[in-house]
Amino acid sequence: MEIVNSENLYYPDRKFAEDANVTGYSPEMDYQMFWEKEAGKLHWFKKWNEGRPLSGDAPFFKWFENGKINASFNCIDRHLDGWKRNKAALIFEGEPGDRQVMTYHDLYREVTRFSNVLKKMGIKKGDVVTIYLPMIPEAVIAMLACSRIGAPHSVVFGGFSSNALADRINDSNSKLVVTVDGYWRRGKVIPAKTNVDKAVDSCECVENLLVVKRTGHHIFMEQDRDHWYHELMDWASIGCEPEPMNAEDILFLLYTSGTTGKPKGIVHSTGGYLTGTATTHRNVFDIKDTDVYWCTADIGWITGHSYIVYGPLLNGSTILIYEGSPDYPEKDRFWEIIESYGVTVLYTAPTAIRLFMKWGKEYVEKHDISSLRLLGTVGEPINPDVWRWYHETVGHGRCPIVDTWWQTETGSIMISPLPGVTPTKPGSATIPLPGIIADIVDENGVSVSKGGHGYLVVKNPWPSMLRGIHGDMERYVDVYWSEFDNMYFTGDGAVRDEHGYFWITGRVDDVINIAGHRIGSAEVESAVIGSEMVVEAAAVDISDDIKGQALTIFAVLKESVEASSEVEQILMESVMSDIGKFAKPEKIYFIRDLPKTRSGKIMRRVLRDIAEGREPGDLSTLVDRAAVDELLREQQLVKTAG
Ligand code: WT7
């Protein structure tokens, strides 16, 4: 990894710094006091136990106990009294070029009507609603309508297959799924409803489907079970009292991958989560009333939850939502959108920036994107050269870049520069935000010194932290709180440089980050083994120019199965049908034996070295060298290109 020296620091522009929402760090403030002050900026129906924002026994922390609050009220109603009533809350651009603008008042009308539809469907406080929608305004409306009546939502990313959707519906015991007929991707209809039909065949809990009409192509509607969204909305009345929720009540579940085959339903609270997302959105993006803010993530991931929906709407911002692909009809679509709406803040992923870099700067330069004033990245480490390209070509050397480190579990940004305050270094997320005490420690939990490498941990509870794993509190304690005493373990490795800056080096567990999408190696392995052709498999990430990491599988076939490209195809299909097309492996290697340690742990590092064409490093813990030597002799490694 390239760690730049101090000459390569990028200092904030004076004018930007003068106008910034945050003008400095105030280290004298205690983190609990800091968060208590921030929580006070939201609207509470009833205040928490003042002076005591944090309670509960570690690691079952509670924030703002006894406070009463509603997410949808804070995102919408609070802005209706003043001029923001008529401000654009949401700008939508569909892939075919259709446009829609909704003011905060429009959003109020749509959300309250949909809340009434949910009630009519029998949804009550505490019932989980699964949302399987693409990037259309109804996704935002559905989330806020759920939160208005106290029904936790579980948004499932549209790229997940019907099997993955079914698992998530069943685990959350949803009786209602909100979905769409289809949506546009590169000019073609993606038939989402067909996926849902397949999924709910194996979900006994589901009673109703609500279907948004987007593409208008013919779909199957099951009588009594399936209902058109627009028909029910036509009927529904405007206005719905927001449910006063306890601060600790669940706002939503969001499934993410862990180190076992079973995805984790991450539980987020209401009061703490709203406090964390509102604060960080205001501070990190330096958000102003005049901004047009565009986060390009999908609503199905935590970034979409925290920084498309909750954070920005809590702050009364104008959000932009784009349905489709960045290369449709041409590779300049993003820049065209930025020009046409005057986007001022752009938040995207390194994998997207690498793609834009590959396509060439001529696509960027075709458009006047001088409205941009701040750029952000998230999801994976950004290579310094990619950072510089983003800075020069997109930011014209003028926009601060915020490289934001956080996770589904943390709920909001934890490590990031404060624009206008923190000097940046390309490739480093810099230092923890106010209210967060993060550290890098060795295996014994001792802080590493400058220049040291270790595990990234958080040493204090923070309001938007996860409250658990749905239905599995043991796993919650085990995964996050057992590695080190009194510290939250992130699963990431990091280096501390000479200035104390954090450089995130990636996952140290068996979680794979492909193009910023999180997949567990165990999920991929169980999909391959599920084909019944494979005895054993190991999924590893290998470096990839665009995706950051690509997925490679090493599979040991059953004796009766002959390695062939057909078999490889079947295994790939199996992964795509269990998880989704976005998890398609790059390559599958067929091998005789997996390299293992004495305790039977697969040595993924060795496999990674081999797949990336390197001599494997230290093999002293390997049980059977012959297996690896065999692997290395290329002719014995029956490799079929993906
Ligand atoms: C993992 C969390 C929350 C954002 C979307 C991904 C990696 C995230 C950065 C960054 C280096 C990053 C970490 C983390 N990651 N942001 N700025 N620099 N790595 O959420 O799916 O929960 O994945 O993404 O490895 O643990 P997620």
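Data block above holds the structure.
Figured I'd write up the structure that's included with this text. Owing to the predicted nature of the structure, the values given are computational and were not obtained by experimental measurement. (Residues numbered from 1 in each chain as written. Predicted model: local features only at pLDDT ≥ 70, side-chain atom pairs only at ≥ 80, totals over all residues. Heavy atoms only, no water.)

Examining the overall build of the protein chain
Scanning the protein chain from terminus to terminus reveals 19 helices and 31 strands. Radius of gyration (C-alpha) of the protein chain: 24 Å, near the 26 Å computed for a compact globule of 642 residues. Counting only C-alpha atoms and orienting by the principal axes, one finds that the protein chain spans roughly 75 × 65 × 55 Å. Long-range contacts, defined as pairs at least 24 residues apart, comprise 71% of the intrachain contacts of the protein chain with a sequence gap of at least 6. Carbon and sulfur atoms provide 47% of the accessible area of the protein chain, an area that totals close to 24900 Å². Each charge class in the protein chain can be summarised by its mean position, and for the 68 positive and 91 negative side chains these summaries are 3 Å apart. (Helix = DSSP H or I, 4+ residues; strand = E, 2+ residues; numbered from the N terminus. Rg over C-alpha atoms; globule rule 2.2 N^0.38 Å. Contact = heavy atoms within 4.5 Å. Areas by Shrake-Rupley, 256 points an atom, 1.4 Å probe, with all protein chains shown as cover. Lys, Arg positive; Asp, Glu negative; His and termini not counted. Charge placed at Lys NZ, Arg CZ, Asp CG, Glu CD.)

Notes on the environment of Asp 332
By secondary structure assignment, the location of Asp 332 is in the loop between strand S17 (318-322) and helix H11 (333-341). Each C-alpha atom, one on Asp 332 and one on Ser 72, is 35 Å from the other, the two residues being 260 residues apart in sequence. The contacts of Asp 332, once residues within four sequence positions are left out, are Pro 326, Tyr 363, Lys 366 and His 367. At a separation of 3.2 Å, a polar atom in the side chain of Asp 332 contacts the side chain of Lys 366. (Polar contact = N/O pair within 3.5 Å; in protein donor to acceptor, adjacent residues only side chain to side chain.)

Things to note about the sheet that holds S17
Strand order in the open sheet formed by seven strands is S5-S4-S17-S16-S18-S19-S20, with mixed pairing between adjacent strands. Either end of the sheet is taken by a strand with one partner, and the two such strands are strand S5 (99-103) and strand S20 (401-404). This sheet shows a mean twist of 20 degrees between the axes of neighbouring strands, independent of strand direction. (Pairing = 2+ DSSP bridges. Axes fitted to C-alpha atoms, helices over the stretch in contact; angles between N-to-C directions.)

Some remarks on the pairing of strand S18 (residues 345-348)
Both faces of S18 are covered, namely the face carrying Val 345 and Tyr 347 and the face carrying Leu 346 and Thr 348. Of the pairings in the sheet, the one linking strand S16 (residues 292-295) to S18 comprises three bridges and is parallel in character. Looking at S18, one finds that Cys 295 is bridged to Tyr 347. Where S18 lies against strand S19 (residues 374-378), four bridges are found, and the strand directions are parallel. Directly across from Tyr 347, in S19, lies its bridge partner Gly 376. (Buried < 20%, exposed > 50% of the residue type's maximum accessible area, 1.4 Å probe, protein only.)

With respect to the nonpolar core
The biggest cluster of nonpolar side chains holds 158 residues, and the ones touching the most others in it are Phe 114, Leu 144, Phe 285, Tyr 310 and Leu 313. Sort the elements by how many residues they give to this core and helix H5 (residues 137-149) lands first, with nine residues. Looking at which domains feed residues into this core, each of domain 1 (6-488) and domain 2 (511-635) gives three or more. Apart from the residues lying within four places of it in its own chain, the contact partners of Leu 313 are Asn 74, Cys 75, His 79, Ala 89, Tyr 104, Leu 107, Val 140, Leu 144 and Ile 319. In terms of nonpolar packing, the next biggest core, distinct from the first, is built from 29 residues, Ile 338, Trp 389, Tyr 390 and Ile 401 among them. (Core = buried A, V, L, I, M, F, W, Y, C linked by side-chain atoms within 4.5 Å. Domains from an automatic or database assignment.)

Quick look at the site of the ligand
In the neighbourhood of the ligand, 17 residues make up the surrounding shell, with Asp 403, Thr 404, Thr 408, Arg 507 and Arg 518 lying closest. For the ligand, an oxygen atom lies 2.9 Å from a polar atom in the side chain of Asp 492. Here an oxygen atom of the ligand sits 2.7 Å away from a polar atom, N or O, in the side chain of Arg 518. The protein chains hide 96% of the 560 Å² of surface that the ligand would expose on its own. Its residues placed into classes, the shell around the ligand shows six nonpolar, six polar and five charged. (Near = heavy atom within 4 Å. Nonpolar A, V, L, I, M, F, W, Y, C, P; charged D, E, K, R; others polar.)

A few points about unusual backbone geometry
With an omega of -5 degrees, the peptide bond running from Ala 58 to Pro 59 counts as cis. Across the junction of Tyr 328 and Pro 329, the peptide omega takes the value -5 degrees, indicating a cis bond. Within the secondary structure layout, Pro 329 lies in the loop between S17 and H11. Not every positive phi belongs to a glycine, and Thr 430 is a case in point at roughly 65 degrees. In this fold, Thr 430 is placed in the loop between S20 and strand S21 (438-441). Residues other than glycine seldom take positive phi values, yet Ala 515 does so here, at roughly 50 degrees. Tracing the backbone shows Ala 515 in the loop between strand S26 (511-514) and strand S27 (517-520).

Some points on the packing of aromatic side chains
One pass over the full model with this rule turns up 39 aromatic pairs. A centroid spacing of 5.2 Å and a plane angle of 80 degrees characterise the contact between Phe 160 and Phe 582, whose relative ring orientation is edge-to-face. Placement of the pair is Phe 160 in the loop between strand S7 (153-155) and helix H6 (162-172) and Phe 582 in the loop between helix H17 (565-578) and strand S30 (587-590), with a sequence separation of 422 residues. Phe 582 carries the same exposure label as Phe 160, and that label is buried. For the pair Phe 285 and Tyr 293, a centre-to-centre distance of 5.5 Å together with 70 degrees between the ring planes defines the contact as edge-to-face. One exposure class covers both Phe 285 and Tyr 293, and it is buried. Three or more aromatic residues joined by ring pairs form one cluster here, namely Phe 60, Phe 61, Trp 462, Tyr 476, Tyr 480, Trp 481 and Tyr 488. Geometry around Trp 48 places Lys 47 over its ring, the cationic atom sitting 5.2 Å from the centre. (Phe/Tyr/Trp six-rings, centres within 6.5 Å; stacked < 30°, edge-to-face > 60°. Lys NZ or Arg CZ within 6 Å of the ring centre and 35° of its normal.)

Observations regarding helix H7 (residues 192-200)
Listed as buried for H7 are Ala 192, Lys 193, Val 196, Asp 197, Ala 199 and Val 200. Down the axis of H7, the sector holding all buried residues measures 165 degrees, keeping them to one side. On its buried face, H7 is in contact with H6, strand S8 (176-180), strand S9 (183-185), strand S10 (188-190), strand S11 (208-212) and strand S12 (226-228). (Arc of directions from axis to C-beta.)

Examining the side chain of His 227
Checked against the element boundaries, His 227 lands in strand S12. A relative accessible area of 19% places His 227 in the buried class. For His 227, the contacting residues outside a window of four places in its chain are Met 121, Asn 208, Leu 209, Leu 210, Val 211, Met 221 and Leu 232.

Side note on the packing of helix H9 (residues 271-284) against helix H10 (residues 302-314)
Between H9 and H10, the least distance of the axes is 8 Å, while the angle of their chain directions is 85 degrees. Classified by the angle between their axes, H9 and H10 sit roughly perpendicular to one another. Note on element contacts: H10 touches H9 through His 305, Ser 306, Tyr 307, Tyr 310, Gly 311, Pro 312 and Leu 314, opposite Tyr 273, Leu 274, Thr 277, Ala 278, Thr 280 and His 281. Per-class residue counts for the contact of H9 with H10 are seven nonpolar, six polar and no charged. (Parallel < 35°, antiparallel > 145°, perpendicular 65-115°, else oblique.)

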